[in-house]
Amino acid sequence: MMRGYTRVCDNRPPGNVHVGQQLTFGPNPLIGATLTLSLACATKELRNGRRWLGFDVTMTGRANVAHLAGRMRLLWAA
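Source: prediction; values computed, not measured.

Draft legend 1. Region of interest: the overall build of the chain. Looking only at helices and strands, one finds 1 helix and 4 strands in the chain. Overall size of the chain, expressed as C-alpha extent along the three principal axes, is 45 × 20 × 15 Å. Out of the 78 residues belonging to the chain, those deemed buried represent 23%. Contacts in the chain between residues far apart in sequence, at least 24 positions, make up 53% of those at least 6 positions apart. For the chain, the exposed surface amounts to about 5600 Å²; the carbon and sulfur share of it is 52%.

Put into structure tokens, the structure is as follows:
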């Protein structure tokens, strides 16, 4: 999941902080299976002058079976 996130968001500003994540695992993919990662910004808020972001992440395989779903929370540097 993190490798996919860093490839999708490769131009992140320095100073971001990964605050937490919640994950739900589905069935294990087969060895050698092709997986697709989708990432969407789900929440944005400004608290005490800091940008808090929530990204929804889904990793699917063959027949759109969800092998992983979750949300990552970040403090986004400006």
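Draft legend 2. Representation of the side chain of Thr60. Note on placement: Thr60 falls in strand 3 (residues 50-60). Given a relative accessible area of 17%, Thr60 falls into the buried group. Other than its neighbours up to four places away in sequence, Thr60 contacts Thr34, Leu35, Thr36, Val65, Ala66 and His67.

Draft legend 3. Examining the sheet that holds strand 2 (residues 36-47) more closely. Pairing within the open sheet is antiparallel, and its 4 strands lie in the order 1-4-3-2. Here the strands that pair on one side only, and so sit at the sheet edges, are strand 1 (17-25) and strand 2. With strand direction ignored, the average angle separating the axes of adjacent strands in the sheet is 15°.

Draft legend 4. A look at the state of the cysteines. The tally for this structure, following the rule as stated, stands at 0 disulfides. Take Cys9: it sits in no disulfide, and the sulfur closest to it among the cysteines is that of Cys41, at 8.9 Å. Among the residues examined, Cys41 registers a relative accessible area of 42% and is labelled partly exposed.

Draft legend 5. Expanded view of the packing of aromatic side chains. On inspection of all chains with the given rule, the structure shows 2 aromatic pairs. Centre to centre, the rings of Tyr5 and Phe55 are 5.9 Å apart; their planes meet at 55°, and the pair counts as tilted. Of this pair, Tyr5 sits in helix 1 (residues 2-8) while Phe55 sits in strand 3, and the two are 50 residues apart along the sequence. Phe55 matches Tyr5 in its accessibility class, with the two residues each being buried. In textbook terms, an aromatic cluster arises when at least three aromatic residues are bridged by ring pairs, as seen for Tyr5, Phe55 and Trp76. If you follow Arg47 out to its NZ or CZ, it ends over the ring of Trp52, 4.3 Å from the centre.

Cut-offs and rules
- Residues numbered from 1 in each chain as written.
- Predicted model: local features only at pLDDT ≥ 70, side-chain atom pairs only at ≥ 80, totals over all residues.
- Heavy atoms only, no water.
- Helix = DSSP H or I, 4+ residues; strand = E, 2+ residues; numbered from the N terminus.
- Buried < 20%, exposed > 50% of the residue type's maximum accessible area, 1.4 Å probe, protein only.
- Contact = heavy atoms within 4.5 Å.
- Areas by Shrake-Rupley, 256 points an atom, 1.4 Å probe, with all protein chains shown as cover.
- Pairing = 2+ DSSP bridges.
- Axes fitted to C-alpha atoms, helices over the stretch in contact; angles between N-to-C directions.
- Disulfide = S-S within 2.5 Å.
- Phe/Tyr/Trp six-rings, centres within 6.5 Å; stacked < 30°, edge-to-face > 60°.
- Lys NZ or Arg CZ within 6 Å of the ring centre and 35° of its normal.

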